[in-house]
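Given next are the chains, with one letter for each unit.
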Amino acid sequence: MGIMLHSAFSMSGLLDPQSVIAGAGAWGLVVVCAIVFAETGLLIGFFLPGDTLLFFTGVLAFSGVISQPLWLVIPAIVLSAVLGDQMGYFIGRKSGPRIFERRESGLFSIKSVERTQGFFDRFGPAAVTVARFVPVVRTFAPVAAGVGKMPRRLFTTFNVLGGVIWSTLVILLGFGLAHIPGVTDFAAKYIDVVLIGIVILSVVPILIRAIAARRKSISASAN
């Protein structure tokens, strides 16, 4: 197992999700869960291939490279995603200011949290869910929630919702397209476009409500 994990996590192949999963053999699902957790739980998600990893998890579950059935694969990854965000929230709550306020620039800086906080200002607590579909923001959203002292119960609610929606949609997208000859290669090439479409469908209703609430607030202030 040690050799498999070392090979799977080597930087030369880490950004190739299909190779990561296939190279892990019988431990493929374990590797996927570890990477999904690390994206937010260990604050290293800005270079991990989270979305494409889940897509190819669905593809390889169909082909049998991942031997476990979907009814086990999806809950295992959902749990890893939720626990990762909870860990990120805990880091932000307990150590966020000490970790991030030491630097003015770079990924691990207060500016990273401030940019993510702007995401929260736009979408409210639902940003925890929406952030799942946005690389880099996905890494820092739970930290920003912790630094901002979002109530734990509220964070956990949107965290679980985001973990379920993100994991299930992307995995099932890969699993479903794997049934169609030739479509898998096309989807793999344009996975970013597909995921942007998912983000738009997720964000637009929230954005409409936010704009309506802002207009109502401005109108109330004017009166």
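Residues numbered from 1 in each chain as written. Predicted model: local features only at pLDDT ≥ 70, side-chain atom pairs only at ≥ 80, totals over all residues. Heavy atoms only, no water.

## So, a nonpolar patch on the surface
Phase 1: A cluster of nonpolar side chains, namely Leu 161, Ile 165 and Leu 169, defines an oily patch on the protein surface of about 230 Å² accessible area.
Phase 2: You can see Leu 161 is positioned in helix α10 (residues 152–177).
Phase 3: Leu 161 sits in the partly exposed class, given a relative accessible area of 41%. (Patch = residues over 30% accessible without salt bridge, like charges linked within 9 Å, V, L, I, M, F, W, Y side chains within 5 Å. Areas by Shrake-Rupley, 256 points an atom, 1.4 Å probe, with all protein chains shown as cover. Salt bridge = Lys/Arg side-chain N within 4 Å of Asp/Glu carboxyl O. Helix = DSSP H or I, 4+ residues; strand = E, 2+ residues; numbered from the N terminus. Buried < 20%, exposed > 50% of the residue type's maximum accessible area, 1.4 Å probe, protein only.)

## Topic: the packing of helix α5 (residues 50–63) against α10
Pairs of packed helices are described in terms of their axes, by the angle between the two and the distance that separates them.
Phase 1: For the pair α5 and α10, the least separation of the axes is 7 Å and the interaxial angle reads 45 degrees. In this view, α5 runs oblique relative to α10, as classed from their interaxial angle. As for how α5 packs across α10, the hand of that crossing is right-handed. Here Gly 50, Asp 51, Leu 54, Phe 55, Gly 58, Val 59, Ala 61 and Phe 62 of α5 lie close against α10, whose contacting residues are Trp 166, Ser 167, Val 170, Ile 171, Leu 173, Gly 174, Phe 175 and Leu 177.
Phase 2: Of the residues that constitute the contact of α5 with α10, the class distribution is 11 nonpolar, four polar and one charged. (Axes fitted to C-alpha atoms, helices over the stretch in contact; angles between N-to-C directions. Parallel < 35°, antiparallel > 145°, perpendicular 65-115°, else oblique. Left-handed = near helix turned anticlockwise from the far one by under 90°. Contact = heavy atoms within 4.5 Å. Nonpolar A, V, L, I, M, F, W, Y, C, P; charged D, E, K, R; others polar.)

## Side note on the packing of aromatic side chains
Phase 1: Taken as a whole and judged by the stated rule, the model has three aromatic pairs.
Phase 2: Between the aromatic rings of Phe 55 and Phe 56, the centroid separation amounts to 5.4 Å while the plane-to-plane angle is 80 degrees, which identifies the pairing as edge-to-face.
Phase 3: Residue Phe 55 is classed as buried on the basis of its relative accessible area of 1%.
Phase 4: Considering the side-chain rings of Tyr 89 and Phe 155, the 4.5 Å spacing of their centres and the 20 degrees angle between planes classify their relative orientation as stacked. Placement of Tyr 89 in helix α6 (residues 70–100) and of Phe 155 in helix α10 is noted, with a sequence separation of 66 residues between them. Here the two residues Tyr 89 and Phe 155 agree in accessibility, since each one is buried. (Phe/Tyr/Trp six-rings, centres within 6.5 Å; stacked < 30°, edge-to-face > 60°.)

## A few points about the UniProt feature "transmembrane region" (unreviewed entry) in the protein
Phase 1: In this structure's numbering, the residues bearing the UniProt feature "transmembrane region" (unreviewed entry) are residues 20–38, 45–66, 72–92, 158–178 and 190–212.
Phase 2: Split by type, residues 72–92 is 100% helix and 0% strand. Its first and last C-alpha atoms lie 31 Å apart.
Phase 3: In this annotation, residues 158–178 is assigned 95% helix and 0% strand; the end-to-end C-alpha distance for the span is 30 Å. (UniProt positions renumbered as here; feature names shortened; annotations may be inferred.)

## A word on the nonpolar core
Phase 1: In terms of nonpolar packing, the biggest core is built from 30 residues, with Ile 21, Val 32, Val 36, Leu 54, Ile 77, Trp 166 and Ile 171 touching the most fellow members.
Phase 2: The set of elements that each furnish at least two residues to this core consists of α3 (17–23), α4 (28–41), α5, α6 and α10.
Phase 3: Discounting chain neighbours no more than four positions away, the residues touching Leu 54 are Val 32, Val 36, Ile 77, Trp 166, Ser 167, Val 170 and Ile 171.
Phase 4: Counting 12 residues, the second largest nonpolar core, distinct from the first, contains Val 128, Ala 131, Ala 144 and Ala 145. (Core = buried A, V, L, I, M, F, W, Y, C linked by side-chain atoms within 4.5 Å.)

## What to know about the pattern of salt bridges
Phase 1: Under the counting rule described, the total for this entry stands at two salt bridges.
Phase 2: Between Asp 85 and Arg 132 there is a salt bridge, and its shortest N-O distance comes to 3.4 Å. Taken as a pair, Asp 85 in helix α6 and Arg 132 in the loop between α8 (127–130) and α9 (137–147) lie far apart in primary sequence, 47 residues in all.
Phase 3: The class of Arg 132 is buried, set by a relative accessible area of 2%.

## Regarding α4
Helical geometry note: an α-helix holds 3.6 residues per turn, so side chains three or four residues apart project in the same direction.
Phase 1: Taking 1.5 Å of rise per residue, 14 residues should cover 20 Å, and α4 covers 20 Å from first to last C-alpha, within 8% of that figure.
Phase 2: Buried residues dominate α4, accounting for 11 of its 14 residues.
Phase 3: If you check which residues of α4 are buried, you get Gly 28, Leu 29, Val 31, Val 32, Cys 33, Ile 35, Val 36, Ala 38, Glu 39, Thr 40 and Gly 41.
Phase 4: Once α4 ends, the next one or two residues include Leu 43, with phi positive near 60 degrees. (Expected span 1.5 Å × (residues − 1).)

## Observations regarding the side chain of Arg 132
Phase 1: Here Ala 81 takes part through its backbone oxygen, which lies 2.8 Å from a polar atom of the side chain of Arg 132.
Phase 2: Ignoring any residue separated from it by four or fewer positions in sequence, one finds Arg 132 in contact with Asp 51, Ala 81, Val 82, Asp 85, Arg 138, Asn 159, Gly 162, Gly 163 and Trp 166. (Polar contact = N/O pair within 3.5 Å; in protein donor to acceptor, adjacent residues only side chain to side chain.)

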